[in-house]
Amino acid sequence: MLSRPKPGESEADLLHFQNQFLAARASPAVTIVKKADKRKGEEGSTDAERPRLQDSKDVVMLDDFPDILPALTPAPPKKSKIKSASVHFEDEDPEERLERHDQHITAVFSKIIERDTSAVAVTIPVPTGDPFPRTFHRSEIKSEVKVGSGRKSIFAQKMAARRAAEKAATSPSAAECVQTRSAALDALDPEGSAGEAPLPIIGGDKASDILASQWPCLITGEGLGSQKSEQEAQAIHRENLEKLRSMSEEEILQEQERLLAQLDSSLVAFLKSRRGGNEGQKKELKMEQNRLEEFVESLPVAQHGVGSSLSMQESCLEESVKKEENMKVEITDDDLPVKPKKEWIHMDNVEFEKLEWMKDLPSPRQKKTKKGMQARFSLKGELIPADADLPTHLGLHHHGEEAERAGYSLQELFHLSRSQVTQQRTLALQVLGRIVQKARAGEFASSLKGSILRLLLDAGFLFLLRFSLDDTVDNVMAASVGALRALLVSLDDEKYLDWTFSWYQGMAAFPFVPNNEEEEEEEEEELNVTEKSQDKKLKDENKPDPDVARYDVVKGLLKTRIQHRLRYILEVVRPVPTVVLDILHILTHIARHSSEACSQLLDCPRLIETIVREFLPTRWDPQVAEPGCLLTSLHGVACATAMKFIRVLASGGRNATARLLNKFEMKSRLSRFIAEDPLDLLLPREEAIRLSTEAFRLWTVAAGYGQACDLYRDLYPVLVRILQSLPELLSTCRGKSPLTELSVQRATAVVTLLIHVTQTAGYTVELQAKLSSNSSEDSEQIPPPPVVWNQVSGLQPFLETSLKKFLQEISQTETWHTLQPLTTTYMIYLGVYYSACSQQPSVNPIDCLEELERLTSEVLQPLLSQPAIHSMWDLLRACSALCNPLSCSPAPESVFSIASLSCTGGKPPLSLVGSKSPFPFLTALLFLINSITHIHKGLTSKYSSVLGFRGLKDYLHHSWQTGPPSVTPSSAWILRHEYHLQYFVLALARRMFPVPLERYTSPPEDNLNLLRLYFRTLVTGALRHTWCPVLYVVAVAHVNSFIFSQDSRTQETDAARKSMLRKTWLLVDETLKKHLLYYRLLNAESPLGFDLYEQLPPMRLKYLQMVTQKENKENAPALVS
């Protein structure tokens, strides 16, 4: 039997015993059973499953150490399920494998440096004879002993006093310590300069005394051990002295100034206090200041500036120390609202420091600082003044920073928004949403520096809302939806977009895409428009969500699949009506972004189906229409906001409209909400009128694409009934009914619908002729719409009669402002009607000309002589954006990543889109006059008085002299409407005073920036022949002359010319491509305004082939007739 190890045996004896044990093949006395690790998934995995090692080798297995080096960054350990089944070769030495895999342990162990404890005194416990240490009560310790600061608890103070008493009992006397210390100092510094050595920054004789000091003031070397501690401290001190001796006085002053500027004032005061020993802090600061003053006086005059700045810093330090001392005021019973009594338990010894929170808050005072004070907001999102003294029962005070000030900072609200408490998260998100809404309204522009929206977005506010949107708590979800609506949606923008819907070309979609120059790649020459958009889309998909949201918030939200989350909330959560309306507003803003965003919304599974089914049903509970009925749920009830979202979504393109009408059954909804009068709809009166208005607008968008025109035949009686009731609006306006404005908007939407239906019907004959022809060259055959001219021509008398009645009210200011939107659409309708009427084969041309003469003599000429019209021309300059560029400047809270129409100062009544603006009516009037003079050129002289209005001349004169406003989404949207008026003025002037087109095209344009602008407007479709034929001809002529020019110019011009030619060759629009390449010369008699080459001249063809790298003549372009 083997014997157990005995005391005194060495490691060699232990190894000998182990070899004997292994040779005897005896079983161990103890068997270790390892519990199965649930994370491994193998309950039977024990040490017995390990491959048995050879008995002749001494191998130590380390189970807890991994086989690979640990990662530098902390990460959860990975558990391998096949670790026990790892392969081991028979000839592999386990000891070598262990050494190979555990090299990192040796590396770690080899770097451990043990602390030298040889000089540390070991205190042996005093034998007491008791089985346990003797307990003591705090009352046994004298309370007169004061140790440490007053912030310690009573128990900590008692324990510190006891240790101090024990240390004083075992340590030598103070006199002996002082005597020993002085002896050591005398040995190191016989002159005794170490005890009063200041910072080594003073020159002159004092500097030599300091540099001769051999004992450091701050470094003691106590943590290095007793053997080398003094030598190391002395070596460091000598290095410092040598460094100071090598520096000049200016370098020392500069270094001191840098250190004082970087170090904290309390740290500087502490370091200086170490030099004075037991002297007070004030005395040391005073002595230091005196030394600095003496040194500054000894310096040359040129260096006084640096010294004076240092003196200011020293005085600031002294003032900060005084303030800190003054703030340390002891708290007494009088400062507490509740007086502690000794009868209360554990209150015999009161700790006033712990009761400090109970005392009254100090009165808020406004600190005068250059950086300003931190903004604090109320629960309503209002900015609280810095000196506002609000009562505490409002819930605006807390125990954070600046406890005396009421309100919450943005940082504190961010912190609360991620709280574990649901109420705190909800409240924080609600307050942040209100702050954002007030900031976008410009309420903080005069009070705060900087932009709140930029600050919030840079801090991650957008993704905070996106994360909160995924919360499972309904209240948090609702608060995040409201805050997101406040961030994205501007109700004023929606109001003005609806207001301008019935203006001339007002229905055209205005994309809310941020204009970020950094993301634009204008120099990619080998990509056409389609390929460039696809390439940019691919790049956006590869970017992280925050990077995309940094320049486009809507695109960043779409990358987070926000539409799917909003669909889930609407379909599954079914929130309260307020949240539903906020979600519909958010979706409407996303749909306004771009056609790509509309496609993503349409592709979202069950999103559109849920909105149509739940918020645009054909039947709902009739109790909704009862007065005083409070809706607890909007699901199952028709909603005008949902119809508006569908209408904006349809504006994304012809394909989107077709999908909405056919796949999502919006045709049946249109018939349902248009056929029934708003008074008969089982909804509140205002909501019913809004729903009917949005239904007509949706139908208008569809009719603009030539779709849903078959409903015109079914709903023709309804339209006639509405047109017959329009004159009744006069009596409604005079009665000042609260529903008058809504009724006028509905009537305007009806007339706008008739404008587009009439325009579509005017193309029916032309489309039928193309379809019946045998032309095989057309790649696409557009079917004619299911509405013909005879079906729309019968409505013109109703509209003209209403126009005459409304124009009689032009002298009544209030009535005219109410009816002006409707009269504007009447003018546009007549212009579209007569333009289409003159092209119909079934209409007698003489009858059409006679109708124009009658309209001119009976309606338009009397209108132009009205004094009210003269006043409207005079208002052009005051309401113009070109004459007042600052009116289009972006609002203070505008951010480039969120497109908005907000401007500085808003949109007052006397602005281009204000309620008193003359632009919409005068633009419609000029459009009608141009249509008449284009058809009946003999009537041109009848309208020559238009160009003689003094207000128009003054407006045109100032609009050309003033520089254009900065390019913003607001200015681009506003100026589009203003340029329409200027175009019709110039077109009318050209008919009265014809100017040859050669004046605009000769000499060829040589301004490279203007040429790029011409080309960009042509390629993007912003300039079209049907919209502005004169400018289109000018742009095509200049671009054609430039791309085929052979003049020797700069390298930049030559590169731009070749790049523009290559882009022209790669254009997808074949019509524009043919015009730019085959332009020949101007021809006023041609429908295009210019002639085209049948084939390119040989020189141009060769140059084109050289630039486009196509030498094969078979691939040369051929004219498509």
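Data block above holds the structure.
Because the structure is a prediction, the values reported are computed rather than measured.

Visitor: What am I meant to see in the packing of helix H38 (residues 867–874) against helix H40 (residues 919–935) here?
Guide: The description of two helices packed together rests on the angle between their axes and the distance between the axes. Axis separation between H38 and H40 bottoms out at 10 Å; the angle between their running directions is 110°. Taken together, the axes of H38 and H40 lie roughly perpendicular to each other. Of H40, the residues touching H38 (which contributes Ile 869, Met 872 and Trp 873) are Phe 921, Leu 922 and Leu 926. Here the contact of H38 with H40 is composed, by residue class, of six nonpolar, no polar and no charged.

Visitor: It is not clear to me how the packing of aromatic side chains should be interpreted in this structure. Could you clarify?
Guide: Each aromatic ring pair is characterised by the separation of its centres together with the angle its planes make. Under the counting rule described, the total for this entry stands at 18 aromatic pairs. Ring geometry for Tyr 504 versus Phe 984: centroids 5.2 Å apart, planes at 70°, classification edge-to-face. Here Tyr 504 is found in the loop between helix H17 (491–499) and helix H18 (529–542), whereas its partner Phe 984 is found in helix H42 (residues 969–992), with 480 residues between them in sequence. By the burial criterion, Tyr 504 is buried, and Phe 984 matches it. An aromatic cluster of three or more residues is present, and its members are Tyr 504, Phe 927, Tyr 983 and Phe 984.

Visitor: I tried to follow the environment of Val 913 on my own but got confused; where do I start?
Guide: In this fold, Val 913 is placed in the loop between helix H39 (876–879) and H40. By relative accessible area, which is 2% here, Val 913 ends up buried. A C-alpha to C-alpha distance of 7.7 Å links Val 913 and Thr 500, two positions 413 residues apart in sequence. The contact partners of Val 913, leaving out residues within four places of it in the chain, are Tyr 496, Trp 499, Thr 500, Trp 503, Lys 907 and Trp 973.

Visitor: Is there a simple way to think about the environment of Thr 904 in this case?
Guide: With respect to the element layout, Thr 904 can be found in the loop between H39 and H40. On the basis of relative accessibility, which here comes to 39%, the residue Thr 904 falls in the partly exposed class. When the C-alpha positions of Thr 904 and Gly 442 are compared, they lie 8.6 Å apart, and in sequence the two are 462 residues distant. When sequence neighbours within four positions are dropped, the list of residues in contact with Thr 904 reads Ser 887, Ser 889, Pro 890, Ala 891 and Pro 892.

Visitor: I'm lost on the nonpolar core in this one. Help?
Guide: General note: in soluble globular proteins, nonpolar side chains tend to be found buried as a group. Counting residues in hydrophobic clusters, the biggest one holds 201 residues, and the most contacted among them are Phe 461, Ile 608, Trp 699 and Met 827. Other than its neighbours up to four places away in sequence, Phe 461 contacts Phe 414, Leu 432, Val 436, Leu 456, Ala 483 and Leu 487. The next biggest cluster of nonpolar side chains, apart from the first, holds 34 residues, and it includes Leu 1011, Leu 1023, Tyr 1103 and Val 1107.

Visitor: How should helix H24 (residues 607–615) be read in this particular structure?
Guide: Because an α-helix packs 3.6 residues into every turn, residues spaced three or four apart end up facing the same way. Where burial is concerned, most of H24 is hidden: seven out of the nine residues are buried. Considered for burial, the residues of H24 that qualify are Leu 607, Ile 608, Thr 610, Ile 611, Val 612, Glu 614 and Phe 615. Residues of H24 that are buried make contact with helix H21 (562–573), helix H22 (577–593), helix H23 (595–603), helix H25 (640–650), helix H26 (654–662) and helix H27 (666–675).

Visitor: What am I meant to see in the pattern of salt bridges here?
Guide: Two side chains that carry opposite charge are able to pair once their charged atoms sit near each other. This structure, assessed with the given rule, holds 33 salt bridges. The salt bridge partner of Glu 412 is Arg 376, with a shortest N-O separation of 2.9 Å. In this pair, Glu 412 sits in helix H12 (residues 410–417) while Arg 376 sits in the loop between helix H11 (304–327) and H12, placing the two residues 36 residues apart along the sequence. For the pair formed by Glu 412 and Arg 376, the shared burial category is buried. Among the ionic pairs, Glu 694 bridges to Arg 697, the shortest N-O distance being 3.1 Å. A residue pair is termed a helical-turn pair when its members lie 3 or 4 positions apart in one helix, as Glu 694 and Arg 697 do in helix H28 (residues 685–704) at three residues.

What counts and how
- Residues numbered from 1 in each chain as written.
- Predicted model: local features only at pLDDT ≥ 70, side-chain atom pairs only at ≥ 80, totals over all residues.
- Heavy atoms only, no water.
- Axes fitted to C-alpha atoms, helices over the stretch in contact; angles between N-to-C directions.
- Helix = DSSP H or I, 4+ residues; strand = E, 2+ residues; numbered from the N terminus.
- Parallel < 35°, antiparallel > 145°, perpendicular 65-115°, else oblique.
- Contact = heavy atoms within 4.5 Å.
- Nonpolar A, V, L, I, M, F, W, Y, C, P; charged D, E, K, R; others polar.
- Phe/Tyr/Trp six-rings, centres within 6.5 Å; stacked < 30°, edge-to-face > 60°.
- Buried < 20%, exposed > 50% of the residue type's maximum accessible area, 1.4 Å probe, protein only.
- Core = buried A, V, L, I, M, F, W, Y, C linked by side-chain atoms within 4.5 Å.
- Salt bridge = Lys/Arg side-chain N within 4 Å of Asp/Glu carboxyl O.

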